[in-house]
Structures are given as C-alpha cells and as structure tokens.
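Topology and contacts: notes
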Amino acid sequence: MIVVTTDGWDVDHGTLRTYVRDGTQWKEQGQASDVTIGRHGSAWGVGLSLPQHDGPVKKEGDGRSPAGVFRIGEAFGYAETNPTALPYRGLTASDYCVDVDGSPYYNQLVDEKKVGAAAVGGATEAMRRDLHFDGDRAYRIGFVIEHNPDGRKGAGSCIFAHLWKSPTSPTAGCTAMTDATMERLLAWLDPSKKPVFVLLPKTEYARLRDAWNLPSP
C-alpha cells in the first residue's frame with residue numbers, strides 16, 4: 001500500500017509512505033517522502049473505496065487529486081523497457097491519455113496511430129511530454145492510479161504518479177515526486193500482491209482508518 005496524506009482538502013502537497021502486510025498488520029517500509037498533488041488540493045474520487053459525502057467530489061478539470069483507495073495500474077515511461085514488475089508501457093509520440101469526457105476513449109491511454117487522430121482530438125495529455133512540451137520530464141517514469149476506471153463522464157481522468165518539476169510545483173490532479181522516490185516505488189511494487197494507492201487528508205484518514213483497515217500513522 002502506498003499512502004499519501006495531506007493537511008487538508010485544499011492543500012497541494014503531502015507525505016508519501018509505503019507499507020506491506022505482515023499477517024493482519026501493516027508494516028512500514030522505506031522512508032517517508034514529500035510529494036505534490038493537485039493545485040487545488042484533493043477531492044473524493046472513484047475507486048475501490050465506498051463513496052463519501054463529506055468534502056469535495058472530483059470533477060474533470062478541477063485541479064484536484066482524487067482521494068480514496070485506488071488500484072495501481074501499468075507503469076509507463078520514455079524508455080522502451082523498465083525493470084519494474086508492473087506491466088510497463090514504453091511511450092511513443094502518438095500515445096495520448098484522453099481527457100475529453102465526450103470521447104468513447106475518455107480516461108484511456110491510446111495510440112493515435114491505432115485509434116485515429118479524430119479519437120484524440122482535443123486531448124491535452126500527450127504522454128511523450130519530452131517531445132510535445134519542450135523536453136518536459138514529468139512522464140519519464142510513472143504509473144497509472146486507477147481513478148474512475150469505468151470512464152464515468154466528467155468524473156476526472158488521466159490520474160498518474162509521475163515526476164515533479166520542483167517541491168513547490170503542484171499538478172493538475174496527479175501525485176508527483178522525486179526521481180529517487182519514483183524509482184524506489186517502481187522497483188518495489190509487485191502486481192501479484194495487489195498494490196493499492198491511498199490519498200486522504202489527515203482528518204479523513206483518522207476517521208476512516210479502522211473501517212478501511214489502513215495502517216496506523
């Protein structure tokens with residue numbers, strides 16, 4: 001389990017910790033790391049956890065990171081291969097994540113060469129950011145946080161863990177971190193152990209910890 005906690009709904013940064021199951025208990029592994037999240041903080045997302053009604057709800061384009069419990073999907077990066085145990089996608093210049101909620105490919109990673117230019121029309125998430133955005137390194141390595149996996153219209157899309165620009169640079173809704181932290185996560189994550197990603201404000205974490213069987217802080 002990867003756990004990110006923040007000081008409140010409208011805070012754009014937090015702390016990341018990692019845990020493994022030891023019998024019925026969670027055992028922390030590795031050092032805590034600083035991360036940045038959405039520029040407007042966080043909001044309840046659509047994932048594995050039950051819907052909550054206290055607090056903001058994630059919407060497309062709101063600049064908030066989804067809060068809750070989510071499956072961890074495939075890893076991706078600019079290199080063709082990566083030694084991570086996660087399924088890995090070597091990105092190309094024609095790979096996009098579709099953030100247009102009227103598209104049948106909404107919230108999906110697609111190859112423009114396979115689905116056609118019209119299918120990615122209006123999409124702003126070109127995955128090879130180094131080629132499309134003047135050498136941007138954000139997606140050099142990262143992984144998918146499976147928010148809104150069924151593509152519910154308007155509920156938010158293209159949520160990743162990726163590299164940060166700086167410790168004070170928030171995201172559009174993703175969780176960003178140093179190269180070293182990301183490299184540690186990619187080496188550590190094991191899909192056979194069904195890893196999950198948790199993001200919550202501290203007050204919500206305390207409220208839900210027992211019900212959701214989360215690690216003790």
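Given the structure is predicted, the values throughout are model-derived calculations rather than measurements.

1. What to know about the overall build of the chain
Scanning the chain for helices and strands turns up four helices and 13 strands. By principal-axis analysis of the C-alpha atoms, the chain measures approximately 45 × 35 × 30 Å. Per-residue burial over the chain gives 50% buried out of 217 residues. Charged side chains of the chain number 24 positive and 27 negative; the gap between the two group centres comes to 3 Å.

2. What about unusual backbone geometry?
Backbone geometry follows two general trends: most residues other than glycine have a negative phi, and most peptide bonds adopt the trans configuration. Phi is positive for N107, which is not a glycine, with a value near 65°. N107 sits in the buried class, given a relative accessible area of 17%. One non-glycine residue, N213, lies in the positive phi region at around 55°. Taking the relative accessible area as the measure of exposure, N213 reaches 37% and is therefore partly exposed.

3. Description of the side chain of N107
Along the chain, N107 turns up in the loop between β7 (95–97) and β8 (109–111). Of note is the side chain of N107, whose polar atom sits 3.1 Å from the backbone oxygen of H147. Residues contacting N107, with those up to four places away along its chain left out, are C97, V98, H147, N148, P149, G151, G156, S157 and C158.

4. Let's talk about the side chain of E204
As for its placement among the helices and strands, E204 is situated in helix α4 (residues 202–208). Take E204: its relative accessible area is 9%, and that puts it in the buried class. Residues contacting E204, with those up to four places away along its chain left out, are W9, W44 and D54.

5. A look at the state of the cysteines
Scanning the model with the defined rule gives one disulfide in all. Note on cysteine connectivity: C97 is disulfide-linked to C158, with sulfurs 2.2 Å apart. One disulfide, between C97 and C158, carries an S-S torsion of -95° and so falls in the left-handed class. Residue C97 is found in strand β7, and its partner C158 is found in the loop between β10 (141–145) and β11 (160–163); the two are separated by 61 residues along the sequence. Judged by relative accessible area, C97 falls into the buried class, the value being 2%. Overall, C158 belongs to the buried group, its relative accessible area being 5%. Here C174 is not disulfide-linked; the sulfur of C158 is the nearest cysteine sulfur, at 8.0 Å. The class for C174 is buried, based on a relative accessible area of 6%.

Definitions and cut-offs
- Residues numbered from 1 in each chain as written.
- Predicted model: local features only at pLDDT ≥ 70, side-chain atom pairs only at ≥ 80, totals over all residues.
- Heavy atoms only, no water.
- Helix = DSSP H or I, 4+ residues; strand = E, 2+ residues; numbered from the N terminus.
- Buried < 20%, exposed > 50% of the residue type's maximum accessible area, 1.4 Å probe, protein only.
- Lys, Arg positive; Asp, Glu negative; His and termini not counted.
- Charge placed at Lys NZ, Arg CZ, Asp CG, Glu CD.
- Polar contact = N/O pair within 3.5 Å; in protein donor to acceptor, adjacent residues only side chain to side chain.
- Contact = heavy atoms within 4.5 Å.
- Disulfide = S-S within 2.5 Å.

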